[in-house]
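Chain by chain, the residues:
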Amino acid sequence: MRTRLHKWFLLLGAAAFFALPLTSRAQLTTEDIASRDNMESHVAGYTGHVQDAAYDYRRYCVGCHGDMGDANGEVAQWLLPPMWPKPRNFQLGVFKCRSTPTGTLPTDDDLFNAITRGFDRSAMPIWNQFTKYQRANLVAYVKHFSPRFVTEKPGTPISIPPEPEVTPERIKAGREVFARVQCWKCHGVQGMANGPSASTLQDDLGFPIAAFNFTDGTRPKCGDTDEDIYRIFMTGLDGTPMPSFADNIKPDEAWDLVFYLRTFMQQPSKAKEIAKTLNLKPVSANP
Amino acid sequence: MHDFSCPRLRKAFHSATSLTAANLVLMFVALTCSQPANAIPAFARKYGLRCSACHETWPILNNFGLKFRDNGYQIMNDRDAPIWQNPSYWPITFRITPVWHRVSASNDVDTYSTTAPGVITGTAIQQISSSGVDLSGLDFHTGGTLEKNISFFVLPSSDPTAAFHFETVMARFDNLFGSPWLNIKLGRFELNNLLSEKRMVGLTDEGGIYQTYHFIPVADGNIFGQMGDNQLGIEYVGHSYDDRTRISAALLDSNDGNVNLTLGANSYSGFFTFDQAIDTGKWDVQRLGAYAFAGEAATYYRTLGGVPIAGSGIGNKSFYRIGFTGQFYFGPHFDLNVVTQHGQDNAWFGQGYGNAVNTDGNGGTLCSGPPLTNCLANNTPGTTLPIGSQAPVWNGVTFEARYVYSPQLIFIADYELEKMSQQADGPGFTGLNPTGAPGPSPSNLGNINNYNALIRYNPFMTSRAGLAIQLEYTLFHQNGTGPVSPITGFSTSTNSNELLFALDIDY
């Protein structure tokens, strides 16, 4: 009898365990979302309002992100990861591109920049033809889908030290960091997104996701300046397997890693020029 | 048959007994039953974007659509090349429009004796109206990228009898050296007009074109200088990353887009545009621009047996059109588009010299001889201009106001005015002017007033197909080009109007 009860408890426990994450994806009601219609954004010199973005959201965004911001727009079904990532589910309040520490909400500027920049290798276009006022309103609109923006405040943007001069030593040091924190496991020893874990990667919603290929000439999703790349691995890309390395990499080392990563990329850079003289070998996948 | 998803719309259509009532019901139901707009076929299938992302209403481009086009049909997400698409994807859309329309125009008609049956007593000017169901031509739009930053567009287009021609054929190299300022295309294409005639939604004869883009003085022989027609040539386009600043320069054959070097060969023209958009915050983006179209076209075609030889045009004379363009948004729902024009043709064009090759539209020549019949004026050696000839000069303006209630419902009103400021037959001219009267042309000869208003409603759109229901009315007036007055013997004004109801099909 006790064994049978034990089995039932185990079964219920397992069911509860697997159901827990789903509760966070629970569909919000229209009324719940409407209760946040007074959400504002403060960015680019404007105060954005939800009501003022409704028309633009319907015209430009709803096809993918859906009326409820739940990534359930009519064309979402045709976006098949990893080649075409699924649209962002705004209700979850989880965003890849932030200036804030992992697990925290993005700032209005982060969301504004995401709309402006678009996302390479996805169906999210560059919306930089919008006025700043339109974008500020859309930021408010995106925020109003998630209760997190009511209960939590955005994180404090990480501080990024000034970019040092790139030197051969720094590139070599960056290579050591690349090996130490095992970037190669996903991104491959030559940055070609073919590491041993690359084929198994999934995002938090269980969709397959590709590691970034540094060598194919494409741009990182969250920006392609040196500062953007620094920010990516110090904040992580929430909702994806890309973690934050803020606890593992010192700021100075982070710049070294930026310079090393630049040597993989097709875009011309001083680091790439210097690397030609260094005859660097790829890090070992079996250290 | 389409199944209207809004019950009120279905019921309304069944119960409406008159066209007027149906239209009122349509407007009411459209306002109350609007559904979210979805994607248009060709590009929407590729990117999963709704048609409303690129179009105010299909096919009028909004700012995002303009940027997409300027980028060579790319959203610049590193997924633009065909290799990233499902292999079954083929970027093609067809469009055809069955219409009911009622056309009314002034005509000369015979008058009959009331006492002697069948005896013609003279002529009179009467308004003749005709109505019925009709067809537009059929368009096959296919375009997109061949590879990243190499794009194309091919548009075989037919008239209502299914006689096809290539309306657009072009290939383009985009973002050369990684710069949005360097894009080159070659082929037959629409000029870089900010207010695109090829994307207008007007469907009537006079409301389906911009008069400003096609205006030439009465009896003017310049076959070119028509900004609304697609032209053959090579075009450079540059734009800023956010498409706020746009420039273009095109070198064009002065043959009005005719292939096989038939008309106006050996002459070239240039078309230059510039426009700048300004972020005006709550008022949206305002765009101001200018254009200049200048060049030469032939007035003399060498002959054989007195018949002009196609493609032999020489004796080039000059022409130009210049103007400003403006696109003013007043919030997300209302915008006003303005195009002005100041134009001038050389006096030879004004006297009817230009395209001496009178074609039948299928490559044949109508002009025959001797005796020469159907032959247009040809500036053969020894020809002189009549006394009083001068360069015709005119000014024009187009206003187009749009109210976008929703991406599915749009109201558009156009007003166009074309006004001559100097006639080709000036003071001292003693011959017969185009109205048939002797002496200089009346100062208002050829002036145009054109009004057009339409409602366009998309009851549904999907990423696979689209349908627009359109109601349109056009009122056209032109001085001195109408029927001949039986009293004076001179031409009167053209007055016409057209009422149209259309189902614009897009798949």
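Bear in mind that the values here come from a model prediction, so they are computed numbers and not experimental data. (Residues numbered from 1 in each chain as written. Chains lettered and ligands numbered in written order. Predicted model: local features only at pLDDT ≥ 70, side-chain atom pairs only at ≥ 80, totals over all residues.)

**A few points about the overall build of chain B**
Then comes step 1: Per the secondary structure count, chain B includes 7 helices and 22 strands.
Then comes step 2: Expressed as a percentage of its 507 residues, the buried residues of chain B come to 44%.
Then comes step 3: Long-range pairs, those at least 24 residues apart, make up 62% of the contacts in chain B with a sequence separation of at least 6. (Helix = DSSP H or I, 4+ residues; strand = E, 2+ residues; numbered from the N terminus. Buried ≥ 20, exposed ≤ 12 C-beta atoms within 10 Å, placed from the backbone. Contact = placed C-beta atoms within 7 Å.)

**Section: the interface of chain A and chain B**
Then comes step 1: Chain A puts 26 residues into the contact, and the matching count from chain B is 28 residues.
Then comes step 2: For the side of chain A that touches chain B, the elements supplying multiple residues, two or more each, are helix H3 (54-65) and helix H5 (132-143) of chain A.
Then comes step 3: Of the residues forming the side of chain A that touches chain B, the biggest block, 8 residues, is contributed by H3 of chain A.
Then comes step 4: Residue classes in the side of chain A that touches chain B are distributed as 12 nonpolar, 7 polar and 7 charged. (Nonpolar A, V, L, I, M, F, W, Y, C, P; charged D, E, K, R; others polar.)

**Details of the pairing of strand S10 (residues 231-239) of chain B**
All names here are of chain B.
Then comes step 1: Strand direction decides the pairing type here: strand S9 (residues 183-189) and S10, joined by 7 bridges, are antiparallel. In the strand pairing of S10, Ile 184 is matched with Tyr 236.
Then comes step 2: Pairing between S10 and strand S11 (residues 245-253): 7 bridges, direction antiparallel. Within S11, the residue paired with Val 237 across the bridge is Ser 248. (Pairing = 2+ DSSP bridges.)

**What to know about the domain arrangement of chain A**
All names here are of chain A.
Then comes step 1: Split by domain assignment, chain A resolves into domain 1 (30-151) and domain 2 (168-278).
Then comes step 2: Distance between the C-alpha centres of domain 1 and domain 2: 26 Å.
Then comes step 3: Listed by partner, the interface residues are 18 residues for domain 1 and 18 residues for domain 2. (Domains from an automatic or database assignment.)

**Notes on the environment of Asn 395 of chain B**
All names here are of chain B.
Then comes step 1: For Asn 395, the position within the fold is in strand S18 (residues 393-406).
Then comes step 2: Note on Asn 395: 16 C-beta atoms within 10 Å, which makes it partly exposed.
Then comes step 3: Counting along the chain gives 73 residues from Asn 395 to Ile 322, while the straight-line C-alpha distance between them is 9.6 Å.
Then comes step 4: Here Asn 395 is in contact with Gln 341, His 342, Lys 419 and Ser 421, once residues within four sequence places are set aside.

**Examining the confidence of the model for chain B**
All names here are of chain B.
Then comes step 1: The share of residues in chain B with pLDDT of 70 or more is 90%, and the mean pLDDT across the chain is 87.
Then comes step 2: Note that pLDDT drops below 50 for residues 1-40; the model gives that stretch 59 contacts with residues more than four away or on any other chain.
Then comes step 3: With pTM at 0.86, the complex prediction returns an ipTM value of 0.84. (pLDDT = per-residue confidence, 0-100.)

**Brief notes about the packing of helix H10 (residues 251-264) of chain A against helix H11 (residues 270-278) of chain A**
Residues and elements named next belong to chain A.
Then comes step 1: Running from amino to carboxyl end, H10 crosses H11 at an angle of 75°, the nearest separation of the two axes being 8 Å. Relative to H11, H10 is oriented roughly perpendicular. Mapping the contact onto sequence places Phe 259, Arg 262 and Thr 263 in H10 and Ala 271, Lys 272 and Ala 275 in H11.
Then comes step 2: For the contact of H10 with H11, a count of residues per class yields 3 nonpolar, 1 polar and 2 charged. (Axes fitted to C-alpha atoms, helices over the stretch in contact; angles between N-to-C directions. Parallel < 35°, antiparallel > 145°, perpendicular 65-115°, else oblique.)

**Quick look at unusual backbone geometry**
Then comes step 1: Cis peptide bonds are those with omega within 30 degrees of zero, and the linkage from Pro 81 of chain A to Pro 82 of chain A qualifies with 5°.
Then comes step 2: In the segment running from Trp 58 of chain B into Pro 59 of chain B, the intervening peptide bond is cis, with an omega of 5°.
Then comes step 3: Position of Pro 59 of chain B relative to the elements: it lies in the loop between strand S1 (55-57) and strand S2 (60-61).
Then comes step 4: Positive phi values are uncommon outside glycine, yet Gln 182 of chain A reaches one of about 60°.
Then comes step 5: Looking at the element boundaries, Gln 182 of chain A is found in the loop between helix H7 (168-180) and helix H8 (184-187).
Then comes step 6: Despite not being glycine, Asn 260 of chain B has its phi angle at roughly 70°, a positive value.
Then comes step 7: Within the fold, Asn 260 of chain B resides in the loop between S11 and strand S12 (268-279).

**Here we look at the environment of Leu 237 of chain A**
All names here are of chain A.
Then comes step 1: Mapped onto the elements of the fold, Leu 237 is located in the loop between helix H9 (226-235) and H10.
Then comes step 2: For Leu 237, a count of 23 C-beta atoms within 10 Å gives the class buried.
Then comes step 3: Between the alpha carbons of Leu 237 and Gly 103 there is a distance of 9.5 Å; along the sequence they are 134 residues apart.
Then comes step 4: If sequence neighbours within four positions are ignored, Leu 237 has contacts with Lys 96, Ile 232 and Met 242.

**Considering the nonpolar core**
Then comes step 1: Residues Val 139, Val 142, Ala 254, Leu 257, Val 258, Phe 259 and Leu 261 of chain A are the most contacted members of the largest nonpolar core, which totals 78 residues.
Then comes step 2: Of the residues forming this core, the biggest block, 8 residues, is contributed by H10 of chain A.
Then comes step 3: If sequence neighbours within four positions are ignored, Leu 257 of chain A has contacts with Gly 174, Val 177, Phe 178, Phe 233 and Ile 249 of chain A.
Then comes step 4: Membership of the second largest hydrophobic core comes to 17 residues, among which are Val 307, Ala 310, Phe 349 and Ala 356 of chain B. (Core = buried A, V, L, I, M, F, W, Y, C linked by C-beta atoms within 7 Å.)

**So, the pairing of strand S14 (residues 300-304) of chain B**
Residue and element names in this part refer to chain B.
Then comes step 1: Sheet analysis places S14 next to strand S15 (residues 307-314), joined by 4 bridges and oriented antiparallel. Across the sheet, the residue bridging to Thr 303 is Pro 308, located in S15.
Then comes step 2: Two successive antiparallel strands, S14 and S15, enclose a turn made up of 2 residues, where Gly 305 displays a positive phi of approximately 65°.

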